[in-house]
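# Per-entry structural report
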Amino acid sequence: MTARSTSADGPPPTGIPPTGTPPTGPLPTVLPPTGDPLRAWADRTSCVQGGDLAFHLTGAAGAAVRVRITDAVSEQTRLTATVHAPDWTLAVPEEWPSSLYRATFDVPLENRPTTDEAEHEVWFAVRAALTGTAAPTGKAALTETAANPGKTAHPGKAAHPGKATHPAPSRILVSIPFATWRAYTHAGQPRRGLYYSEQPYRAARVSFASPGGGPPPERWEEGLLRWLPDAGYQVDYCSGLDLHNGDELLSHYRLLVVNGHDEYWSMEMRDSVENFARRGGNVAFFAANTAWWQMRLEDDGRTMVCHRDAVTDPMTATDPRRTTVEWSSAPVDRPENSMTGLSFRRGAGAWGEGMAVMGKEAYTVRFADHWTFAGTGLTDGEPFARGALGYETDACALEWTDGVPRATGVDGTPGSFVVLATADLRHWREYGQGGAATMGVFRLGAGTVFNAGTINWGSVLADDPVADRITRNVLDRLSGAAPGDGWDAAGAPDEVRALAVCESVLFGADTRGRLLCREVSGQNLLWRPVGSAPGVRALASAREAAGGLPLELYAATENGRLLRRDPVPNLVPGEDGEEWTQVGQVPPGTTGLALCDAGIFAVTPHDDTLHYLSALALDQPWQVLGDAGGAIALTTLSCRLWAVTADGRLRTRLPAGPSDGPVAFEDAGTPGPPPHPRTTLAAHAGVLYATAPGAPLRVCGGPALPSR
């Protein structure tokens, strides 16, 4: 049956043509309905623009049924029609924007039960009709920006105009958590709902092709959904179920936004999202309790299975990876932290009447110099986003050094995770589960993942300018509208002028002649003095198992000495009272030093020369390899030399020695750090570090080779 537009409620909004044929003749006589109340459901939770979505009705007893379809984000009525049970198919106009929609079915004069969980409403997402070339993601997007420095990117703007036949998709895709909405439907009703978790007669499988399944009364997702268009963001929408085998869908976007309460994920959903990030896509979780339960989809996606018990789930015996228990529990043992950075396992929850505590809590800033807080005016230790925490939060295991938190990783949180803010919610045990809340960001492959660590983030956006600014920073950075230069702050400004990593410790020499160290991390950890480094201008270290060299620190001093010492903090001086041993000389004016393939490379900017010395023959003279390509600092990463110039270019070349012939430096595919005449470089595990006297420590995850 096709929709028929009625005149009782006026025409659809301007520019939205009615679907079907206008009714003719007198309207049907309205009689009071009899029998069961009207209930409705749809075949799927989403439909593409220009596609069809089938609805099914029961309880109408042959009466005329009115349907009103509303854009739930803008609250615009898109269609009113008169239909008849039991089946009706909506032909979604291509002009309807991608959004979340609500179809409300009613029969005149019907008195609905007050406890029917709005079973006459059907919620669905309209996906964008995607054609043409997807927008570049991750490093590709950064390279495009670097290659076109005068070009400003905007959300929703096509990366390659003219290649798409439909309007270009947004760069941002917002997922709607239909699986979680369905899981909480019919809570407490035996064999009808997945809740409550420990009731013996809870259902282990529920159908999406059944009445109900809309958002809970708290409408956790609504705040962000309403804020997005008001803040000027063009976004596309999908059902969370569309992420199940969703690689192709995600390939059209730079940023996936997970919002509110998205608790139930299939293995295929996780695989698609994690693969998206590893390929260079970005993910922002303005959410919590995310991916707590693994569920399975059956019946072509119409049924959700979640036993919550490995003993009763038959999949445990055949494919334990798919057992429907918590992701972090046996036999799955795949903590959600590896995708989200956080987990409810260490989070907090306030339930029932205890939810009132949400309005009292706030985050505390732990890394105010991070790009996430740009423009907020916040400083470390300040509270912000009061009222945004709850009703459940996510967190990770932390250890604290000098008042700075760092993720330990014992719970599965990636090593690149940077803690931005924390909240101590141990007192929430009075209201449910005591724990913590953590906000942070990390690298996942070539992509970046941000996590706000709370379900209720969206509720404060309309009235909290700091939360508004943070959200804009995240969306702009990760969608590519303001992608940054690829170098993130990893510490406060200091006077460090030489860097090297040895035995997984980041060492620095400062302008005061001190040797410093800290962990290799993007976290804003403090430098710790561990020795002396008088006159040291450059540091270097060999890669493990390279050329038979022991792992030692090498240093070049201002007066031309080549020094060496063990990479041990608080080293006991030798018999001569010195921590360092002189092992040779360096070319006069050396400012950069690197070890690679048992060779020592040095740069002298005053004559733009690259020099070479075998680390196995330190008593031999240095050899000139050629020009240094403007380099002022050197390091070794992944068996290549990397250099930075005074004007901020990042350059690279193979570590070719005198017998290999001339090899020139070439510009990398990643921008360099901010220009500074005394920049220094270090590298570790695929990551570059840079700083200069008076500048912050910066980190670049995954520098790219030159584009060919």
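Residues numbered from 1 in each chain as written. Predicted model: local features only at pLDDT ≥ 70, side-chain atom pairs only at ≥ 80, totals over all residues. Heavy atoms only, no water.

## Some thoughts on the nonpolar core
What counts, and what does not: Here, the term nonpolar core denotes a set of buried Ala, Val, Leu, Ile, Met, Phe, Trp, Tyr and Cys residues that are joined through side-chain atoms within 4.5 Å. Any residue under 20% of the maximum accessible area for its type is buried, any over 50% is exposed, and the rest in between are partly exposed; the area is computed with a 1.4 Å probe on protein chains only. The helix and strand labels rest on DSSP assignments: H or I over at least four residues marks a helix, E over at least two residues marks a strand, and numbering proceeds from the N terminus. In what follows, residue pairs with any heavy atoms lying within 4.5 Å of each other are defined as contacts.
Phe-286, Phe-384, Phe-450 and Trp-457 are the most contacted members of the largest nonpolar core, which has 62 residues in total. The dominant element in this core, judged by the number of residues it contributes, is helix α8 (residues 465–479), at six residues. Ignoring any residue separated from it by four or fewer positions in sequence, one finds Phe-384 in contact with Ala-362, Tyr-363, Thr-364, Val-365, Phe-373, Leu-378, Ala-421, Met-439, Trp-457, Val-466 and Ile-470.

## Description of the sheet that holds strand β28 (residues 496–502)
As a reminder, the rule being used: A pair of strands counts as paired when DSSP detects no fewer than two bridges linking them. To obtain each axis, a line is fitted to C-alpha atoms, and for helices this fit is confined to the stretch in contact; angles are then taken between N-to-C directions over 0 to 180 degrees.
Here we have four strands laid out as an open sheet, ordered β28-β29-β30-β31, and antiparallel in their pairing. Each edge of the sheet is formed by a strand with only one pairing partner; in this case those strands are β28 and β31 (528–532). Direction aside, neighbouring strands of the sheet carry axes that sit 30 degrees apart on average. With six bridges connecting them, β28 and strand β29 (residues 505–510) associate as antiparallel partners. When the sheet's bridge partners are listed, Val-501 is paired in β29 with Leu-506.

## Quick notes on the confidence of the model for the protein
If pLDDT is low for a region, its predicted coordinates should not be looked at in detail. Heads up, the rule is: You can read pLDDT as the predictor saying how much it trusts each residue, on a scale of 0 to 100.
Chain-level statistics for the protein give a pLDDT mean of 89 and a share of 88% at 70 or above. Low pLDDT, under 50, characterises residues 1–32; the predicted model gives this stretch 51 contacts beyond four residues in sequence or across chains. Across residues 132–167, where pLDDT falls below 50, the model places 58 contacts with residues more than four positions away in sequence or in other chains.

## Some remarks on the sheet that holds strand β4 (residues 64–71)
Pairing is mixed in the open sheet, where five strands are placed in the order β2-β8-β7-β4-β5. At either end of the open sheet lies a strand with only one pairing partner, and these are β2 (46–48) and β5 (77–84). Taking the axes of each pair of neighbouring strands and ignoring which way they run, one obtains an average angle of 25 degrees across the sheet. In this structure, strand β7 (residues 99–106) lies alongside strand β8 (residues 121–127), joined through six bridges in antiparallel fashion. Paired with Leu-100 across the two strands is Ala-125, which belongs to β8.

## Things to note about helix α3 (residues 222–230)
Let me state the cut-off plainly: Arc, as used here, means the arc of the directions from the helix axis to the C-beta atoms.
Taken together, the buried positions of α3 are occupied by Leu-224, Leu-225, Trp-227 and Leu-228. Taken down its axis, α3 places every buried residue within 165 degrees of arc, on the same side. Elements in contact with the buried residues of α3: β7, β9 (172–176), β11 (236–239), β12 (255–261), β14 (282–288) and α8. Looking at the residues trailing α3, positive phi occurs at Gly-232, about 95 degrees.

## A short note on the side chain of Thr-376
Going by this rule: A 3.5 Å cut-off defines polar contacts: any pair of N or O atoms within that distance qualifies, except that in protein one atom must be a possible hydrogen donor and the other a possible acceptor, and neighbouring residues in sequence count only when both atoms are side-chain atoms.
Within the fold, Thr-376 resides in the loop between β19 (363–365) and β20 (383–384). A polar side-chain atom of Thr-376 sits 3.2 Å from the main-chain amide nitrogen of Leu-378. Here Thr-376 is in contact with Val-466, Arg-469 and Ile-470, once residues within four sequence places are set aside.

## A closer look at the packing of α3 against α8
Spelled out, the test is: Under this scheme an angle from 65 to 115 degrees is roughly perpendicular, one under 35 degrees roughly parallel, and one over 145 degrees roughly antiparallel; angles in between are oblique. Classification convention: Asp, Glu, Lys, Arg as charged; Ala, Val, Leu, Ile, Met, Phe, Trp, Tyr, Cys, Pro as nonpolar; all other residues, Gly among them, as polar.
In contact at an axis separation of 12 Å, α3 and α8 are set at 75 degrees when each is read in the N-to-C sense. Between α3 and α8, the crossing angle belongs to the class labelled roughly perpendicular. Seen from α3, the contacting residues are Leu-224, Trp-227 and Leu-228; seen from α8, they are Asp-468, Thr-471, Arg-472 and Leu-475. For the contact of α3 with α8, the class distribution of residues is four nonpolar, one polar and two charged.

## Comments concerning the pairing of strand β38 (residues 609–614)
Extensive coverage of β38 is indicated by the burial of five of its six residues. Pairing geometry for strand β37 (residues 599–604) and β38, over six bridges, is antiparallel. Directly across from Ala-602, in β38, lies its bridge partner His-611. In this structure, the hairpin formed by β37 and β38 is closed by a connection of four residues, where Asp-608 is found at a positive phi of approximately 50 degrees. Direction of pairing for β38 relative to strand β39 (residues 623–627): antiparallel, over a ladder of four bridges.

## Thoughts on the environment of Gln-189
Within the secondary structure, Gln-189 sits in the loop between α2 (178–184) and β10 (205–207). Separated by 12 residues in the primary sequence, Gln-189 and Tyr-201 place their C-alpha atoms 8.4 Å from one another. In this structure Gln-189 touches Glu-117 and Tyr-195, once residues within four positions along its chain are discounted.

## Examining unusual backbone geometry
A cis amide bond links Ala-85 with the next residue in sequence, Pro-86, at an omega value of 5 degrees. You can see Pro-86 is positioned in the loop between β5 and β6 (87–91). Tyr-391 follows Gly-390 through a cis peptide bond whose omega is -10 degrees. As for its placement among the helices and strands, Tyr-391 is situated in the loop between β20 and β21 (398–401). One non-glycine residue with positive phi stands out, namely Asp-597, at about 55 degrees. Along the polypeptide, Asp-597 turns up in the loop between β36 (592–596) and β37. A positive phi is found at Ser-638, a non-glycine position, where the angle reads about 55 degrees. Looking at the secondary structure, you find Ser-638 in the loop between β40 (631–637) and β41 (640–645).

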